[in-house]
Structures are given as C-alpha cells and as structure tokens.
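Here's the letter readout for the chains.
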Amino acid sequence: MHWLMRAFITKIPFLGRYRLLRASDIARLQEHNRLLTEAATERARKLQERETEFAGFATKSALKFQELQEHNRLLTEAATESARELQEREAEFSEFATESALKFQELQEHNRLLTEAATESARKLQEREAEFSEFATESARKLQEREAELTNAITVMSGRLTRLTDHNRWLTETMMDGAGNTEQALLSRAIIQRPQEMEGSIQKLAPTQDVLVIANETKPQVNGVRVQRPTPISVSIDHAAARHPNLQGRDHRSRDRSRQKRVLMIAPGLTRGGAERQILATADGLLRRGYEVEIFYFARVAGEPDFIDEFTQLGINCHHPFELGDFIVSGDSVEDIHDLHQFAQLVDHLDIIPLGRALAKTIREFRPEIVHCWSDLANVIGGLVATNLGVPRVVLGQRNVPAFRYVDGVAPYLCLDAYRLLAQNSNIVMLNNSLTGLTKYLQWLDVPYDKIKLVYNGFLPEGIHIRRGSETKLCRRRLGLMDDARVIGTVMRFAPEKDPHVWLETAAAIAAARPNTRFVLAGYGNLAGQIERRIETLGLAECFILPGAPKDVGLIYGALDVLLLTSRFEGTPNVLIEAQAAGIPVVAPDVGGTSEALLNGVTGILVGNRRASSLASAVLEILGDPGWRERAATQGPAFVSKKFGHQRMIDDTIAAYGYRDARHSQFELQKIGANR
C-alpha cells in the first residue's frame, strides 16, 4: 500500500512539486518555530526576571507601606497630643487672662490709691513747708533770745570770775605766807590754775555765738524744705550744758573714764532678722572682749518673734522709749533740742522728737564711749542725737545697698541730707557689710572713699545648732518630711524686698520637673496670708511646709538639699552664710552683695537674673548632680570660716571703733576689700 502511494505520488508531477514545496516549508517552519521557541524562552526568562524584580519591588513597597502606616500612626498620635496640649494651653491662657484681668483691676485700684496718697502727700508737704517756715522763724527768734541770754550770762560769769580770781590770789598769797611744806604749794598752784582754765573756757565759749548764727543762716534745702544742719559738736556740748542743768558741772575727764569701752547699739527693732542676728553676734563678741553693751530700739512689733530673750541671757539691757514714761509723750510741748523735726517724714508710725528725747536720756545715763547704729533710720536719729551729745565715736552701720533712694517722696532726700551732714563730723565712721553696698553708698552720698569702711558679717557658730549625718533625718522627721525626699527651702522675712512670690513661682517650676520635691518656707511677715493663698492657687499645698519663724534655724538647714534665695536687693545675706556653714549648696540671684557671700560654682550657683525659670534650672542642676552636695559639705564651712569668721568681724569692728587692741584685725583703711 505504501509502495503504491509512493509510486502514485512520484508519477504525478504536480504532487511531486507539492511534496518538495512542503518539505521546504516545513524546514522554514521548523526554523521559525525554533526562533519562536528561542524568543518565547527568552521572553519567559525575561518575564521571570521581571517577576523576580516585581516581587522584590512589591516586598519593598510593602515595607514602605508599613513604614508609612507607622508614620501616619505617630503623626496621628502627635496631632492628638498637640490638640490636647493646645486645649490645656487655651485653658491656662483663659485662666491667665482671667487672673490678668483681676490683677489689672487691682492695679487700677492701686493706682487710684497711689494718686490719692500722692495728692494727700502733696497737701501734707505744703502744710509741713508752712510749719517748717513758721518753725524756722520762731527758731531764729528763740536763737537770738538765747544768744542774748548767753551773752548776759557770759558777762555775769566774767564779773564773777574776776572777783573770784582776785579772791583766790589774795587767798593764795595768804597761804604762801604761812606755807611750810610742798603739799600746800601744790594746792596753791591748783587754786590758781583752776580759774585760769575757767577763763579759757569762757573765752572759747564767746566766739561760738557767731558760729551758731552762721549755721542757722546756711541751712540746705530739700525740695523747698529748709533743713537745719546739726550744731557742730564743739558747740553743742557747751550749748547743751548751758540749757540743761543735768549736764552742768561735770568733769569731762571723769566722764570719759566712766564710759570707757561702753557701747550703746541703736536699732529700729529686735525682730529675728539678719541685721538683728548680726547685732547679737557683735554684742556677744564685744562682751567677750571686756566691753559693756546696752541696746536702744525704737519699737517692739506685737506678734513678731524677736531676740530679746537671747540678749537678756547675755546680760544686756534692751531699752525702748515706751519704758521711759513722759519722755515719749508727743505733742508741740516737747522741746526739739536735737533738731529732729526736719526728719520727721522718715518714719510714719513713730513721733521722732520724743523718740530722740528718750534716746538722749539713755545716752546720758549709760554714758557710752561708742554709739553703734544699725540701719538707715537708726543712723539718722541715733547719729544726730549722739553727735549733739558729744559721744566720742558714732558708728553708722549700713546693712544693705542704698534702697532708700528708690523710695518715692521726700524721705530719700532727707536721709541723704542727714548722712551728708553727719559725714562732716570727725567722730563719725560708716560701716557697710558688702563691697557692693559700700560702693553704691559712696556714689549715692558723694563722700570720700575712706569715710565708709568694709566689715563683713560674722558667723557665730554658737548661735546655730548645725546638724550633720544622721541628724538630718531627725530634722526631716520633725518637719514631717520623708527621708528620701528632695527638699528645697529657705528662711526669710515675708516682705516685698525678699520677693516670696518669685520664690513660689520657682518652686512651681521645680515641682513640674520633679513632682516628688518638697519645699520648706520658714519665716514671718505681712505677706504670710498672700503666700498661703498663692500656694493653694498653684496647687502645691501638699508639697509645702510653712513652719513659721523658727528659733532653731539649724533645724531648717538640716532638712534641706538646696537653699534658694530670691531677694530683690541684699547686703550680705546671713541665710547664705549660715546655709554654707551647714554644708548646704545655695542658689541666689546676682543682686547686692550676694556674689560676695558664696563661691559660685563650688558652694552654690549665682544666677544672673531673677526669673523663676532661671532660678529653677539652677536648683535642678544641683539636684541632678550629687557632687554638689559633697563640694558644699566640705568647701562651704571652710569658706564661711575664712571670710565670715566671727573673731575677724569683732576685730574689724573694734578697729572701726578706733581701738588698736584688736588681736587679728584685717581692717585696713586704705585697702577696702583687699584680700576678701
């Protein structure tokens, strides 16, 4: 069959050609198929590669998608948190706006009261000017009358002296005729010498009338008010003796002997403040050196703690004007023998004229060789009275920078004028407890640089019970604090110059960063009620302890990790000295003499401004570094002992009094502040 078909195909030409054509087509088709196969294979390979690449891309895309989803989630959370914080900020801003509106209303009311007060002050000033003018006229008239009386008295005394001299000469001649021994000769010479001394005294007294008239005619003026200069000491002693019988006939040499090494300290009050603590330390040191000390203070504030018990324990008598009966009676009938009326506007709550009279009585009875005044007000009143009574040395203690010049009204000018008048007396010496305060007083008063001396505060170790080691835990427990709590605190007088409001704002910032921090604010003062209300407003009632005015300040220091000071101005803050003596690091703004009262970067941090945020940052820095407490514990007591040693302060004070028996004095008049 196959053979037949092959023969049939071979015999047919057309079919033979078809067979040949089909074979070539098959060959081409096979080649084409081969090429197609290769192309398909290549495409499959490339497709596989593309699929592999796509699979990698898909994987990366999936990862990026996951990252994008996570990012979107974080953005959503951040947006939610921002919205929440924004709502809180809006709530705080609303509360702040409400509080600002209230404060603005208070400010408007305060401005209204200030305006009324200014109007009233202007009216009173005009009345005082009229009174001063009348008083000046009356004083001039009385002065002329007294000059005439004194002239007559001198004339009478001269006549009596002449007769007495003749009588003594006759008596002497009679005695010499019958004298047979040396003792009678010495007695006769003494009888002759005494009238000669009296005659010389009268000759010295007569020219002083011209001096008095000149002093009365050259009164300086302060805001249109005539201010009388204190009578020169050489005149006022004799003038006072001529008017007051209780000063006549005293032997000046015996008077000097009776008051040797007696110091009368004068202060506005004896409340438990920094200046009063220095009075106590100075009095203690002077007693140990053999001095007699008494204190005269202007008034005792009811309800405020003071140092009366401590002075009593030292055997020091503390006088105040109200114990002197009729000497404190006020009114026009009280004679102003010390020319204090011109400075009456320095103090509102006390009558300055009977106050000066009571002080004069104390000076006459105690007969001090030194009157040491503390604070501007005491310097003016005590300085004028003491110089008029002829006290040999009058010390004016300045405890701060001259804040008086920032007070509105006539008071700063009166204070300035009083200082300049007092500075003219050779027996006046001024002390300041910081180099900054000394410099500012020199500029304010415009006096020679050697008129004010530098005497740094002295730390009396016996005055404070310092706790260390395990005792600190007992301090915390007595104050109701946990042993492991971080405690910030201070001891202050609640007064505007100490700025307790900034202290509370700083505490709020610290509490926000460290919620477990506790705060101890010990003290007293007129702002106590405001402080308690502000603590409640800040939501810090559970974080605060207000122990009041502590008698044992060492108990407070023993409980602290950091002491914080926020004062507007300062002299040399005792609280910084005491805290460093207890080994506590301190934080304080750079005001007044604070830079001189700490070792910046070693025992504490001095902040360049008084912003609560800056002060809080400094406190948090100390809390975050245990090395601060270690440095303060070792360097603090050493620094206080070297710069604020009690014996050094007593030596410098005695040197300022004019004595040369100070044992280790560093007081050099021409090197203020050297080696400090």
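**Student:** So what exactly am I meant to see when it comes to the pattern of salt bridges here?
**Tutor:** Side-chain pairs of opposite charge can arise whenever the charged atoms involved come near each other. Here the structure, examined in full by the defined rule, presents 26 salt bridges. Ionic pairing is found between Asp 561 and Arg 486, a salt bridge with its closest N-O pair at 3.6 Å. With Asp 561 in the loop between helix 16 (553–559) and strand 13 (562–564) and Arg 486 in the loop between helix 13 (471–478) and strand 10 (487–493), this residue pair connects regions lying 75 residues apart in the sequence. The network of salt bridges with common partners includes Arg 476, Arg 486, Asp 561 and Arg 629.

**Student:** Help me out: how do you make sense of the sheet that holds strand 5 (residues 317–319) in this one?
**Tutor:** Two strands in a sheet stick together by hydrogen bonds in their backbones, pointing the same way (parallel) or opposite ways (antiparallel). Pairing is parallel across the open sheet formed by seven strands, whose spatial order is 5-4-3-6-7-8-9. The strands lining the two open edges of the sheet, one partner per strand, are strand 5 and strand 9 (452–454). Strand after strand, the sheet turns through a mean of 25° between neighbouring axes, direction not considered. Together, strand 3 (262–267), strand 4 (292–297) and strand 6 (370–374) form the strand contacts of helix 7 (residues 274–288), whose direction differs from that of strand 3 by roughly 175°. In this fold helix 12 (residues 435–445) packs onto strand 7 (393–398), strand 8 (428–432) and strand 9, with an angle of close to 175° to the strand it touches most, strand 9.

**Student:** Could you clarify how one ought to interpret the side chain of Gln 398 in this entry?
**Tutor:** Structurally, the position occupied by Gln 398 is in strand 7. Of the polar contacts made by the side chain of Gln 398, one reaches the side chain of Asn 432; its length is 3.2 Å. Discounting chain neighbours no more than four positions away, the residues touching Gln 398 are Asn 379, Tyr 419, Met 430, Leu 431, Asn 432, Asn 433, Tyr 441, Leu 445 and Ile 452.

**Student:** I would appreciate a short explanation of the packing of aromatic side chains in the present structure.
**Tutor:** To describe a pair of aromatic rings, one takes the distance between the centres and the angle between the planes. In this structure the tally under the stated criterion is ten aromatic pairs. Taking 6.3 Å as the distance between ring centres and 70° as the angle between the ring planes, the aromatic pair formed by Phe 296 and Phe 298 counts as edge-to-face. Both residues of the pair, Phe 296 and Phe 298, count as buried. With 6.1 Å between their ring centres and 65° between their planes, Trp 503 and Phe 544 make a pair best called edge-to-face. Linking Trp 503 in helix 14 (residues 500–513) with Phe 544 in strand 12 (residues 544–545), this pair joins segments that are 41 residues apart in sequence. Across the pair, Phe 544 and Trp 503 agree in class, each one buried.

**Student:** Any chance you could explain empty space enclosed by the protein here in plain terms?
**Tutor:** Over the atoms, a rolled probe matching the size of one water molecule traces out where space is still vacant. Inspection of every chain in the model, using the stated rule, returns three cavities of 30 Å³ or more. Roughly 100 Å³ of internal volume is contained in the largest cavity. If you trace the largest cavity, you find 13 residues lining it, with Trp 374, Arg 399, Leu 431, Val 455 and Thr 653 closest to the centre. Taken together, the elements giving at least two residues each to the lining of the largest cavity come down to helix 7, strand 6, strand 8 and helix 20 (646–657). The class makeup of the residues in the lining of the largest cavity is five nonpolar, seven polar and one charged.

**Student:** Sorry, what's going on with the sheet that holds strand 12 here?
**Tutor:** With parallel pairing, the six strands of this open sheet are ordered in space as 12-11-10-13-14-15. Pairing within the sheet leaves two strands with one partner each, and these edge strands are strand 12 and strand 15 (604–607). Of the strand pairs in this sheet, strand 13 and strand 14 (residues 586–589) are connected by two bridges, and their pairing is parallel. If you follow Leu 564 over to strand 14, its bridge partner there is Val 587. Each of strand 10, strand 13, strand 14 and strand 15 touches helix 18 (residues 612–623); the most contacted strand, strand 14, lies at about 165° to it.

**Student:** Please clarify how the nonpolar core should be interpreted in this entry.
**Tutor:** Burial of nonpolar side chains together is a common tendency in soluble globular proteins. Grouped together as the largest cluster of nonpolar side chains are 79 residues, with contacts concentrated most on Ile 266, Ile 363, Tyr 557, Leu 563 and Leu 576. No other element matches the eight residues that helix 9 (residues 352–366) contributes to this core. Excluding residues within four positions of it along the chain, Tyr 557 makes contact with Ile 464, Val 491, Leu 563, Val 575, Glu 578, Ala 579, Ala 582 and Ile 584. One finds Ala 267, Phe 307, Leu 460 and Ala 656 within the second-largest nonpolar core, a separate group that totals 30 residues.

**Student:** How should the packing of helix 14 against helix 15 (residues 528–537) be read in this particular structure?
**Tutor:** Helix-helix packing is characterised by the crossing angle of the two axes and by the distance between the axes. Where helix 14 meets helix 15, the closest approach of the two axes is 10 Å, and the angle between their N-to-C directions is 20°. Classed by the angle they form, the pair helix 14 and helix 15 counts as roughly parallel. As for how helix 14 packs across helix 15, the hand of that crossing is right-handed. The residues of helix 15 that touch helix 14, namely those facing Pro 500, His 501, Leu 504 and Glu 505, are Gln 530, Ile 531, Arg 534 and Ile 535. Looking at the contact of helix 14 with helix 15 residue by residue, the class counts come to four nonpolar, two polar and two charged.

Scoring rules and cut-offs
- Residues numbered from 1 in each chain as written.
- Predicted model: local features only at pLDDT ≥ 70, side-chain atom pairs only at ≥ 80, totals over all residues.
- Heavy atoms only, no water.
- Salt bridge = Lys/Arg side-chain N within 4 Å of Asp/Glu carboxyl O.
- Helix = DSSP H or I, 4+ residues; strand = E, 2+ residues; numbered from the N terminus.
- Pairing = 2+ DSSP bridges.
- Axes fitted to C-alpha atoms, helices over the stretch in contact; angles between N-to-C directions.
- Contact = heavy atoms within 4.5 Å.
- Polar contact = N/O pair within 3.5 Å; in protein donor to acceptor, adjacent residues only side chain to side chain.
- Phe/Tyr/Trp six-rings, centres within 6.5 Å; stacked < 30°, edge-to-face > 60°.
- Buried < 20%, exposed > 50% of the residue type's maximum accessible area, 1.4 Å probe, protein only.
- 1 Å grid on protein atoms, 1.4 Å probe; cavity = no way out; pocket = protein on both sides within 12 Å on 5 of 7 lines; lining within 4 Å.
- Points joined across faces, edges and corners; volume = space filled by probe spheres on them.
- Nonpolar A, V, L, I, M, F, W, Y, C, P; charged D, E, K, R; others polar.
- Core = buried A, V, L, I, M, F, W, Y, C linked by side-chain atoms within 4.5 Å.
- Parallel < 35°, antiparallel > 145°, perpendicular 65-115°, else oblique.
- Left-handed = near helix turned anticlockwise from the far one by under 90°.

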